[in-house]
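Below, each chain spelled out in residue letters.
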Amino acid sequence: MGERPLPEGRYGRSSDRRTPQRVRIALLVAGVLVGGVLAFVGYRNLGTTPIEGKQTAYEILGNDAVKISFEVARDQPERPAVCIVRARSKDGDEVGRREVLIPPSESTLIESAVIKTSRPAITGVVFGCSYQVPEYLSSTTRPSG
């Protein structure tokens, strides 16, 4: 037996229920573009960092200072960099901060710095590192750590 057609006034025409080929292609292209943008953003934010500082040790020097040692690895060792190190108190507050100039070198560096604190600290940490060295930090005025 043949299939009976549906009444047009009640269900609409049967050809209206199918998605046209152009709409399917447009949705596919939009999906691929959105996926590409998400992959790019994920790579930029979660991929390997060009410069990284990692704490290796710290020493409490009293109620007003912490000495931190840290390792700096970078993809362009011939460029100077700057790392920000922080001292933190028992309650987690930042009680001291310092910018440390990292000179060009051929390999991974171990640096150290003394951070003056506003109250007793329990640790020293590396906040982050960057190739954007401020002008007031130069190799001629490198602070001793």
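All of these numbers come straight from a predicted model, not from anything done at the bench.

Chemist: What should I look at first to understand the packing of aromatic side chains in this one?
Modeler: Aromatic ring pairs: the centre-centre distance and the angle between the two ring planes describe each pair. Inspection of every chain in the model, using the stated rule, returns zero aromatic pairs. In this structure, Arg 79 packs its charged tip against the face of Tyr 131, placed 4.3 Å from the ring centre.

Chemist: Before we go on, may I ask you to explain the pattern of salt bridges in this structure?
Modeler: Side chains bearing opposite charge may pair, as long as their charged atoms lie close to each other. Evaluation of the coordinates by the stated rule reveals four salt bridges. Measuring nitrogen to oxygen at the nearest pair gives 2.9 Å for the salt bridge that ties Glu 94 to Arg 97. Given a relative accessible area of 43%, Arg 97 falls into the partly exposed group. One salt-bridge network, held together by shared partners, links Arg 86, Glu 94 and Arg 97.

Chemist: Which parts of the structure should I look at to understand the state of the cysteines?
Modeler: Note on terminology: a disulfide is the covalent bond linking the sulfur atoms of two cysteines. With the rule as written, the count across this model stands at one disulfide. Each sulfur of the disulfide joining Cys 83 and Cys 129 lies 2.0 Å from the other. Note on the Cys 83 and Cys 129 pair: the S-S dihedral is about 105°, so by sign convention the disulfide is right-handed. Of this pair, Cys 83 sits in strand S3 (residues 81-88) while Cys 129 sits in strand S6 (residues 123-130), and the two are 46 residues apart along the sequence. Just as Cys 83 is buried, Cys 129 falls in that class too.

Chemist: Quick question: what am I supposed to make of the side chain of Thr 117 here?
Modeler: Within the fold, Thr 117 resides in the loop between strand S5 (109-116) and S6. Using a relative accessible area of 13% as the deciding quantity, one classes Thr 117 as buried. Reaching out from Thr 117, the side chain makes a polar contact with the backbone nitrogen of Ala 65 at a distance of 3.4 Å. Among all residues touching Thr 117, those that are not within four sequence positions of it are Asn 63, Asp 64, Ala 65, Val 66, Ala 87, Val 95 and Gly 96.

Chemist: Explanation requested: the pairing of S3 in the structure shown.
Modeler: Residues in a regular strand point their side chains to alternate faces of the sheet. Counting buried residues in S3 gives seven out of eight residues, a clear majority hidden from the surface. Direction of pairing for S3 relative to strand S4 (residues 94-102): antiparallel, over a ladder of eight bridges. Paired with Val 82 across the bridge in S4 is Leu 101. The turn linking S3 back onto S4 is made up of five residues, and Gly 92 within it adopts a positive phi angle of 95°. Bridging between S3 and S6 involves seven bridges; their strand directions are antiparallel. The residue bridging Arg 86 from the neighbouring strand is Val 125, located in S6.

What counts and what doesn't
Residues numbered from 1 in each chain as written. Predicted model: local features only at pLDDT ≥ 70, side-chain atom pairs only at ≥ 80, totals over all residues. Heavy atoms only, no water. Phe/Tyr/Trp six-rings, centres within 6.5 Å; stacked < 30°, edge-to-face > 60°. Lys NZ or Arg CZ within 6 Å of the ring centre and 35° of its normal. Salt bridge = Lys/Arg side-chain N within 4 Å of Asp/Glu carboxyl O. Buried < 20%, exposed > 50% of the residue type's maximum accessible area, 1.4 Å probe, protein only. Disulfide = S-S within 2.5 Å. Helix = DSSP H or I, 4+ residues; strand = E, 2+ residues; numbered from the N terminus. Polar contact = N/O pair within 3.5 Å; in protein donor to acceptor, adjacent residues only side chain to side chain. Contact = heavy atoms within 4.5 Å. Pairing = 2+ DSSP bridges.

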